[in-house]
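Structural description and commentary
The primary structure of each chain is shown beneath.
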Amino acid sequence: DVAEGVSRGKASDLTELSLIKREVDKKRAHVPFRQLMKRAGKALRDIKPCYMLSPISLSQVVSVEPEIFDVLIIDEASQMKIEDALGSILRAKQVIIVGDPMQLPPTNFFNASSELDTEDGYVEDDESILDLSLSKFQSRMLRWHYRSKHESLIDFSNVNFYNKNLIIPPSASDKFAIKNNYLENAVYTASITKKKNDKNSIRERGGVNVIEANKIADAVVNFMKNSVKQSNKKSCLVVTMNNSQRDLIDEEIRFKSSKTPEVNAYLASWENTMEPFVVKNLENVQGDERDYIFISTLFGPNKNGIPMQRFGPINHPKGHRRLNVLFTRAKEGVELFTSLTPNQIKEGGEKGRQIFKDYLEYARMQKIERGETTGKSTDSDFEDWVKEELETLGYQVVPQVGVSGFFIDLGIKHKDFKYGYLAGIECDGAAYHSSISARDNDIVRQKVLESQGWNIYRIWSTNWFDNPRAELKKVDAYLKTLIKNQ
């Protein structure tokens, strides 16, 4: 490299090149690199015009001088603190800042000062250089999505995080690429601690879900055994929500692999590659990608069957960004292991909780949009009557549920139905009669709603007024069939 620099570098000072060559030839007592950069920086930049350094390394080896570099490119800028970036920016003539504002922010998750709270994710995120840049400069979105080989792996994030702006190449397969494994009898166990003299200060440390860990370990081992048998081997990664569950899953997989030669062969085949097998927590997974991602959601009902509403870092104001990172790691498929159903997660709270709830529903129903509560009341006395009668049978009835620009008259939920709305009831009330044509009411509207995953049941007012008991019995039987067949 030095010889090449001498031969091509008229701009380089031969004295600087001589110094570099001397340092290369020395066995010991080298000049510190910071001094070498100061004394021979012009020649070094001619020899190696591109440097790849962390912000700390750059500050250590490059003296504080303005515009040393022509261009600075900051990658993964969503995770870089402003104070870490400034030293690099001051040394460059031009700056290109690259990152995703919907991915992980800078966090103190692993700082020693916050060690007591990290298990449950009580973290304080900092503003990133990307956040600051977006507020000051013009930005350009890179729209092509390259990782997911099936639309279903990125559709959820495209809708919920990127306003449907990503360009996604279509897949040749119409198979839904997310497999939902619901573990009904699994229990989430956490050690609850309280600060002295503070009854409201509750912390969970070391939460684990043993059944979930065992099931995901079995699935990973089977995946590895099958992959070894195939000529086209697939990489995989396991992700969960905290360090304790990560360690438990890793221990289970290692124990099972000790008795399974195929698993050891699989681990060895990926060990020295860019995609080795590892088990990670949520905070460590940004930048990773694998053919298949196994996800343990960890949280679920406690030993009393009560699903607590504490979801670690997901409950943080930027928890939804952590979930976006998690949901977009897979190239070919996701295996989701969860002890929760969407209806066990309460509405409200931070955005991360709602995104978590929606993703569980998406994985189960294989549809993104299931309906948005509008807060509107019913349109007619007829709908009020139907609503009251259904509520006496134990159904939860939500009027005017918004879906794809439509409003379903009555959205039906039930405590025994685990995944959002059981069905939508359409009545021939005010909304029906205000439509331009019967075709809009009876054909187009229903097809659109059914394409969004809805079960639609229509109640005609004439039949209801003629015999409400018989019509109520029919709709009740229909809804009970849906619950039975879920």
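Going by the structure above, here's the rest.
Residues numbered from 1 in each chain as written. Predicted model: local features only at pLDDT ≥ 70, side-chain atom pairs only at ≥ 80, totals over all residues. Heavy atoms only, no water.

As for the pattern of salt bridges
Applying the stated criterion across every chain yields a total of 19 salt bridges. Residue Lys331 is joined to Glu275 by a salt bridge in which the shortest nitrogen-to-oxygen separation is 2.8 Å. Here the residue Lys331 occupies a position in strand E9 (residues 330–338), and Glu275 occupies one in the loop between helix H10 (261–270) and strand E7 (279–281), the gap between them amounting to 56 residues. What makes Lys331 buried here is its relative accessible area of 13%. Residue class for Glu275 comes out buried when judged on its relative accessible area of 14%. Glu471 is the partner of Lys474 in a salt bridge, and the nearest nitrogen-oxygen pair spans 3.4 Å. Pair noted here: Lys474 and Glu471 are both in helix H17 (residues 468–484), with a separation of three residues, about one helical turn. For Glu471, a relative accessible area of 11% translates into the label buried. The network of salt bridges with common partners includes Lys149, Lys234 and Glu332. (Salt bridge = Lys/Arg side-chain N within 4 Å of Asp/Glu carboxyl O. Helix = DSSP H or I, 4+ residues; strand = E, 2+ residues; numbered from the N terminus. Buried < 20%, exposed > 50% of the residue type's maximum accessible area, 1.4 Å probe, protein only.)

Section: the packing of helix H13 (residues 381–392) against H17
Where H13 contacts H17, the two axes come as close as 11 Å, and the packing angle between them is 60°. In this view, H13 runs oblique relative to H17, as classed from their interaxial angle. For the element pair H13 and H17, the recorded crossing hand is right-handed. Two secondary-structure elements touch here, H13 through Trp385, Glu389 and Leu390 and H17 through Pro468, Arg469, Leu472, Val475 and Leu479. Residues belonging to the contact of H13 with H17 are distributed by class as follows: six nonpolar, no polar and two charged. (Axes fitted to C-alpha atoms, helices over the stretch in contact; angles between N-to-C directions. Parallel < 35°, antiparallel > 145°, perpendicular 65-115°, else oblique. Left-handed = near helix turned anticlockwise from the far one by under 90°. Contact = heavy atoms within 4.5 Å. Nonpolar A, V, L, I, M, F, W, Y, C, P; charged D, E, K, R; others polar.)

Some remarks on the packing of aromatic side chains
Taken as a whole and assessed by the stated rule, the structure comprises 20 aromatic pairs. With centroids separated by 5.1 Å and ring planes inclined at 80°, the aromatic side chains of Phe156 and Tyr359 adopt a geometry described as edge-to-face. Pair noted here: Phe156 is in helix H7 (residues 155–160) and Tyr359 is in helix H12 (residues 351–365), with a separation of 203 residues, a long-range link. What makes Phe156 buried here is its relative accessible area of 2%. Residue class for Tyr359 comes out buried when judged on its relative accessible area of 3%. An aromatic cluster of three or more residues is present, and its members are Phe156, Phe176, Phe327, Tyr359 and Tyr362. Sitting over the face of the ring of Tyr421, Lys413 holds its NZ or CZ atom 4.7 Å from the ring centroid. (Phe/Tyr/Trp six-rings, centres within 6.5 Å; stacked < 30°, edge-to-face > 60°. Lys NZ or Arg CZ within 6 Å of the ring centre and 35° of its normal.)

Side note on the pairing of strand E12 (residues 406–413)
A regular strand places its side chains on the two faces of the sheet in alternate fashion. Counting buried residues along E12, six of its eight residues qualify, which places the element largely inside the surrounding structure. Both E12 and strand E13 (residues 423–427) contribute to a ladder of three bridges, which runs antiparallel. By the bridge assignment for E13, Ile412 is matched with Ala423. (Pairing = 2+ DSSP bridges.)

Quick look at unusual backbone geometry
If you check the backbone angles, Glu67 has positive phi at about 60° while not being a glycine. Its place among the elements puts Glu67 in the loop between helix H4 (55–61) and strand E1 (69–74). Its identity as a non-glycine residue notwithstanding, Asn163 has a phi of 50°, on the positive side. One can find Asn163 in the loop between H7 and strand E3 (178–182).

Quick look at helix H3 (residues 33–47)
If you check H3, its first and last C-alpha atoms are just 15 Å apart, much less than what 15 residues at 1.5 Å a residue would give, namely 21 Å. Of all bends in H3, the biggest is about 90°, found at Ala40. (Expected span 1.5 Å × (residues − 1). Bend = angle between axes of the 7 residues up to and from the residue.)

Quick notes on the environment of Gly352
By the secondary structure assignment, Gly352 is in helix H12. Placed 37 residues apart in sequence, Gly352 and Asn315 show a C-alpha to C-alpha distance of 5.8 Å. When sequence neighbours within four positions are dropped, the list of residues in contact with Gly352 reads Ile314, Gly319, His320 and Leu323.

A look at a nonpolar patch on the surface
A grouping of Val71, Ile73, Ile96, Val98 and Leu142 is seen on the molecular surface, where their side chains present a nonpolar patch of about 450 Å² in accessible area. Structurally, Leu142 can be placed in the loop between helix H6 (129–136) and H7. (Patch = residues over 30% accessible without salt bridge, like charges linked within 9 Å, V, L, I, M, F, W, Y side chains within 5 Å. Areas by Shrake-Rupley, 256 points an atom, 1.4 Å probe, with all protein chains shown as cover.)

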